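Structural overview for review
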Amino acid sequence: MMLVEHEKRLARSRCWTLTICFGLLIVALLCGPLVLSMNADGNSDNKISTPFELPSHSKLRKDSGCDDSNNNATRSQAILGFFRRLGCPRHRHQDEKPHQESFSLTASLPPETSPQVPREQQQPSEQKQVYNQATVGDVDTVPAPSYAKSRSNTVHVASVSPAFPSYLDFEGLPINVTYDAQSIRLNNQGVVLLGGSMHPTRAAWRGQWERALDEAVHNGLNLITLYVFWSAHQPFAHHPLDWSLPYSQVLLQQQSDENQQQQQQQQQVHRKAEHEEKPVHVCQWELADAIKSCADRGLFVHIRFGPYTCAEYSYGGIPEWIGVEYPDIRLRRMDPTWLHLMEDYVQKATEYVTKHGLWAHQGGPIIFAQIENELGTEDSGFMQDQQGSKAAGSGKSEIEEYADWCGDLVQRVAPSSVVWTMCNGVSARNTIDTFNGFNTGVQWLERHGDSGRIQVDRPALWTEDEQGFQDWGEAPGQPLDYIWGVSARDVAKNVLRWIARGGFHVNYYMWWGGYNRGRTAAAGILNAYATDAVLCPSGERRQPKFGHMTALHQVIASVSPLLAASEALPRAQAATVYDEASGTWSQAKEQLAFTYSTNSQDSIIKEVIFLENNADETVVVRIPNVTNTALDEKEFTLKPYSAVILVNGNVAFASDTIAPEASAFSRTTWTEEDNDLGVSLLDWQSWREPVISLSTSHDCQQVESRPVEQTKLLHRENKTLGVWSDYAWYSSTFTLAEGPMDRVTLVIDAEKASAFVVYLDGEYQGSTDNHQHAEGLIRLEVPLLYNLSIGRQYDLTILSESLGYHNLIGRWGGGVGAKQKGLLGDVALVSHDNKTISLVSGSDAMQSTWCSVPGLQGERIGLMRKEKDDDDVVWDKVTRLSPYGSNQDGPLWKKGYFDTPLVGVNQRLFLQLTSGRGHVWLNGHDLGRFWNITRMDSSNNDQRKENDDDETRPNYSQRYYHLPVDLLRTGGSLNELVIVNVLANGNPTADPDDARLVFSWIETSSHQQHQFEDTIGFEESCLL
C-alpha cells in the first residue's frame, strides 16, 4: 500500500498550525481553569469563535464496561479535546496504539443549541411541581440506583413529580405496573409518559446510542420505545439467538494482538459462567446494555418483541432464511411451523430479559411489552376469511384466532406480572390495543380503540405518533408511498388534542431513526431513516422541531399531577366564539375546550384547559377564568387548526407559535476543498470486478435449466452465512437459429424493489430498476445496444440486485409467504416487430442452461475487510481525474484512506456520494446502500436545486452518508473506505465530485435570512 504522498500531505497540513498551537498551549496553562469552567451552568454568554464548542458540562467520567477505543470524539480529556477542535495537530506514530484507558466527557450540549428555561422561571428544586418551573432535561447529578450506579454523572430525567416519573425515582426497587381506564399506573400512581422510538440496531455503536439517549432526556422524554429485530439476532438458520448489537463483534476483531491472550482467558471464564446457548463475545455491546443505558438516564422502556415489526426493516424483521428453510410457510397466521418458530423466539427473548433483571417487577426499566404488530382488519383476506370462518361456525377469522394465540403465548412464556400491548388492529383479550398514526387519534379514541375497551377499562396509548419515512426517488412535497414527515406545529397540535382527551401516553415514531446499515432497509427505503424525526439520523437536533417539542414536553410534565389526579376524563365543551359579522358571541362546534381542575389548597395549578380550533380560519374565543365569574373572562385568538394549553388562565404553550430561538440556526458545511477541513480522501485505488460468463467463467459451478431464486441461492451457498448479499450473477448463452433480430429488448420478470445490470458478451448494455416500497411481480426491460445475428453464440450476463425485501407481511398488499428476489419468471428477447424468444426453459424456449453465482466476487473474497488482497485482485492507482483502471465493464470497487479528523462536539462527518449505486464500507463496517437517484416531482420529472452560483444541480434522494465517529480509528491508524458501484459501467473516468469528505454542523444565528423553517423536508435542518 503506497501512502507516501498521503503522509507528505498530512505533514504539510499540520505544519501551518504548529506555531499557533504552541501559543494556545501557553494560554491554556495560564487560563486552563477559565476554559474548563466555561459554560459550566449551560448558560454562559461567552462564545468561542469556532464551530468546535467546548461541552457545557465538562465533567469527566470513566466509562464502565467495554473499552471502546474507536470513539474518537468523546475519548479525550477536556483541555486536549479543546485544542484538537481548534485544529492543533497531535502527531502520532503509525505504530502508536490507542490508549488503554477510556475516558469520555459527560454528554451535554452547548447553550446555543439547547433550549433553556428562562432564568426568571427557574425555582429551587423543592418547587418543581409549580407551573413553568419544570426541569425536564436537567443535567445535575443525583445518586444513581441500580444500573445507574456506574454512571452517576450521566444526563438523566429530572424528578418532576410522581405523575411524570423518572426510572431513577424508584431506586432499583421492584415496580408494580398496572393500569385502569385512564393511565398506566406505577405502584398505584397514575403517570404521564412521553416516549420516543429508537432502535439500537440502527445505531452504529454504544456511543451513538447513548448520545441519542442524552438528547431524549434534554427533549423532555421519560420513556424509550424500542423494537427487537429477530433477524438481527438470528441471521443464521439453526443457530442460537445472539443478542449482540451491530458491529460489536467486528470491532472486537480490530483489537491489538497483544490483548488476544487476555481475551481468550476471559472467554474461558465466560464459558463457565454463561449458561445461555449463544456464541461468546467478550465485552460486546448487546441488547441488555442498550436497555440499561436507558435506565442509567432515568428512562423507562417499552420493548416491542415482534417477531413481526414492520418498521421499514427488511422482511419486517423476520429472518430471511425462514422462507428458504420452510418454503410453504404462512407467516403471521395459524400455520404450525410459524407458531413453533415464533414461540421458540419469544420464549428465548423473554427469558433473556428476565435473566438480566430488566422487567419492572425485577427493578428494571421495562414497564410494558408488545407482542406482534399491526394485525389490522385491512390485512390480506381478512374480510373473506372472517366471512368464511363465521359460515363454518367458528365465529372468528384466522387473524383473530392468531391474535388470541399471541395473547396465550405471552401468558405461557413470560412473567405473569408483565403488561402486554398489541398495536393498531386486532388484539388479544389480555393485552391493551394501542394506536398508530399521525392525525386520526381523536377518531380512534371516540370509538374506544379497535377493541372497544379503550378508556373503558384500558388506557389510551399512542405507540406510534408517525413522523414519516423516505423512499428512494421521492420528494417531500409529493410522496407516493406514505408521509415524508410532519411539521413541528402539526405534531404539537395532534399531541395536545390527544392528551386533552385523556391520552396520557404518547410515543413518537420515530424520535430518532438513525440509518439502515448493511442490508436492513426494506424494499425501496432510503439509507437514512425517518429524516424528519425530532433527532436527525446523524444525531443532530432537527430544529425548530426539537426546540418546539421540548417546550411542549416541559409544560406537559409540569401539569402532569393535575392530569393524572383527575377522577374522570373531561368532556369536550363547545367554546364561545366571536362572530365578527354579527358582533355576537356564540358556541361553536369546531372550537372545543377540555378542562382539568382541582380545589386542592396544596396545588398551585388550579386549572388546565386544552383549547383547540379545528377550523380553517382564525377565531377569537372566550372562556371563563379560573374564578368562573361572568365578569372574569379571557379572550384568546386561535389560528387555523391549532391548539393551546391554558394554565391558570394563561397561555403556557401554543402549537402554532414557535419561539424565535428554536428557529435561529444556520448550517455550515466544509468540504475537502476547504482549507479548514484538514483531511481528505487519499491514495484512491480501484479494481474492476470481471463479468462472469457461462462459457468462460470458473465461477459457474451451479448450472441448471433455470436461474436459481436469489434468496435461495445466497442461503444454500453456505448455510452458516445466511442471506449475506444484495447481489447475484446470472449467465446463459443463446444462438439464434432463425433470422436476425433488430432493435432487441431484453425483458425480465422479477420482484418489485429489484435492479438489474445487463451485459452481452461482457459488454455493458444497460440497467433497469423498480424501487417501489412494495412487492409483487413486475416486468422490466433493457434495450440492447446492437442487433442480433443468426448462427452466432452470445453470452448473456445479468447482475441482479435486491433493493430490500418488503417489510409488509400479510397486510396492505404484503403476502404471507416466502419473499423472493432475482430472476423469477421469464427472460426473453423481444424485437421491434414483437418477435419473442424465451431464454428460460419452457414450451417455447430455447434449450438454455443458466449459471447462478451468489454475491459479488469482491464480497466472496472479503475485499471490503481484508488487510491483504488476493493474488487475482490487482488494485489500480487512480487520482481524481484519471481513469478508473482499465477501460472495461463490470462493478467497480474503489478504496481510499483518510486520517481521523478532529471532530467537534456538534460536528458530523459525512461521505458525499453522487455517482452510481452500491454499498459503502467504513473500516469493514457496511454502512448500507447508496444511490445517486434524484427526487421526482408529481410529473415524474427530476427535481433540480439551485446552488450558491445560481446554477442547478441534481436533487439527490440522499447525497450525504454519515460516518459515525464511533467507527473511526485512533492511534494513528488510517481509516479505509471501500465502495462498490455496480453502475460504473462504460464510464472509465471518475466523476471529480463522486466521493468527498464533508464536515457539517448547525449553530445559532441572529441573521434573519438564516432561520430554519418548520417545513417538511427543510434541507438545512438535517443533512441528507
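The structure under discussion appears in the preceding block.
Quick summary incoming for the structure in this document. Nothing here was measured: the structure is a model prediction, and the numbers come from that model. (Residues numbered from 1 in each chain as written. Predicted model: local features only at pLDDT ≥ 70, side-chain atom pairs only at ≥ 80, totals over all residues. Heavy atoms only, no water.)

Enumeration according to the criterion identifies 2 disulfides in this entry. The side chain of C536 participates in a disulfide bridge whose partner is C1022; the two sulfur atoms lie 1.9 Å from each other. Handedness here is read from the sign of the S-S torsion; for C536 and C1022, about -75 degrees, the answer is left-handed. Taken as a pair, C536 in the loop between β13 (505-509) and α14 (545-565) and C1022 in the segment after β42 (995-1004) lie far apart in primary sequence, 486 residues in all. C700 shares a disulfide with C851; S-S distance 2.1 Å. Note on the C700 and C851 pair: the S-S dihedral is about -95 degrees, so by sign convention the disulfide is left-handed. Here C700 is found in the loop between β22 (682-688) and β23 (703-704), whereas its partner C851 is found in strand β32 (residues 850-854), with 151 residues between them in sequence. (Disulfide = S-S within 2.5 Å. Helix = DSSP H or I, 4+ residues; strand = E, 2+ residues; numbered from the N terminus.)

With that out of the way, let us pick up the sheet that holds strand β6 (residues 193-197). The pairing of strands in a sheet happens through backbone hydrogen bonds and is either parallel or antiparallel. Taking strand neighbours around the barrel as the criterion, the 8 strands line up as β6-β7-β8-β9-β10-β11-β12-β13 in a closed arrangement whose pairing is parallel. If you compare each strand with its neighbour and ignore which way they point, the axes differ by 25 degrees on average. Bridge analysis of strand β7 (residues 223-227) against strand β8 (residues 300-304) gives 5 bridges, and the strand direction is parallel. Residue pairing in the sheet places L226 in a bridge with I303 of β8. (Pairing = 2+ DSSP bridges. Axes fitted to C-alpha atoms, helices over the stretch in contact; angles between N-to-C directions.)

A few words now on unusual backbone geometry. Cis geometry is adopted by the peptide bond preceding M510, which originates at Y509 and carries an omega value of -5 degrees. Looking at the element boundaries, M510 is found in the loop between β13 and α14. With an omega dihedral of 10 degrees, the bond running from Q543 to P544 counts as a cis peptide bond. With respect to the element layout, P544 can be found in the loop between β13 and α14. In this structure, E372 takes a positive phi of about 55 degrees despite not being glycine. Structurally, E372 can be placed in the loop between β9 (366-370) and α10 (382-391).

The 4 strands are arranged β28-β25-β30-β31 in an open sheet whose pairing can be described as antiparallel. Each having just a single partner strand, β28 (777-783) and β31 (836-838) make up the two edges of the open sheet. Sheet twist, expressed as the mean angle between neighbouring strand axes with direction ignored, is 25 degrees. Sheet topology note: the strand β30 (residues 827-830)/β31 ladder contains 3 bridges and is antiparallel. The partner of V830 across the bridge, within β31, is T836.

In this section: the pattern of salt bridges. Per the stated rule, a full pass over the model turns up 34 salt bridges. The partner of E372 in a salt bridge is R332, with the nearest N and O atoms 2.8 Å apart. One end of the pair, E372, is in the loop between β9 and α10; the other, R332, is in the loop between α8 (321-325) and α9 (336-355), with 40 residues separating them in the sequence. Comparing E372 with R332 shows no difference in burial state: the two are buried. Here R429 and D408 are joined by a salt bridge, their closest N and O atoms 3.1 Å apart. In this pair, R429 sits in the loop between β10 (420-423) and β11 (432-437) while D408 sits in helix α11 (residues 398-413), placing the two residues 21 residues apart along the sequence. (Salt bridge = Lys/Arg side-chain N within 4 Å of Asp/Glu carboxyl O. Buried < 20%, exposed > 50% of the residue type's maximum accessible area, 1.4 Å probe, protein only.)

Burial analysis of strand β29 (residues 793-802) places 9 of its 10 residues in the buried class, the great majority of the element. Direction of pairing for strand β24 (residues 727-735) relative to β29: antiparallel, over a ladder of 9 bridges. Paired with S732 across the bridge in β29 is L796.

Okay, the packing of α9 against α11 next. For the pair α9 and α11, interaxial distance at closest approach is 10 Å and the crossing angle is 35 degrees. In this structure, α9 meets α11 at a crossing whose hand is right-handed. Where α9 approaches α11, its residues W338, L339, M342, E343, V346, Q347 and T350 are matched on the opposing element by Y402, W405, C406, L409, R412 and V413. Here the residues of the contact of α9 with α11 are counted per class, giving 9 nonpolar, 2 polar and 2 charged. (Left-handed = near helix turned anticlockwise from the far one by under 90°. Contact = heavy atoms within 4.5 Å. Nonpolar A, V, L, I, M, F, W, Y, C, P; charged D, E, K, R; others polar.)

Of all 10 residues that make up helix α7 (residues 287-296), 9 are buried, and the element is covered over most of its length. Three or more residues of α7 are buried, namely L287, A288, D289, A290, I291, S293, C294, A295 and D296. A positive phi of about 80 degrees marks G298, the residue just after α7.

Where helix α13 (residues 488-500) meets α14, the closest approach of the two axes is 10 Å, and the angle between their N-to-C directions is 10 degrees. The orientation of α13 relative to α14 falls into the category roughly parallel. The two elements α13 and α14 meet at a crossing, and its hand is right-handed. Residue-level inspection shows A488, R489, V491, A492, V495, L496 and I499 of α13 in contact with α14, the latter providing K545, H548, M549, L552, I556 and L563. In terms of residue class, the contact of α13 with α14 is built from 10 nonpolar, 1 polar and 2 charged. (Parallel < 35°, antiparallel > 145°, perpendicular 65-115°, else oblique.)

This structure, assessed with the given rule, holds 35 aromatic pairs. Pairwise contacts between aromatic rings join Y227, F229, Y313 and Y509 into one cluster. The residue whose ring lies beneath R622 is W585, and the NZ or CZ to ring-centre distance is 4.3 Å. If you follow K821 out to its NZ or CZ, it ends over the ring of Y805, 5.8 Å from the centre. (Phe/Tyr/Trp six-rings, centres within 6.5 Å; stacked < 30°, edge-to-face > 60°. Lys NZ or Arg CZ within 6 Å of the ring centre and 35° of its normal.)

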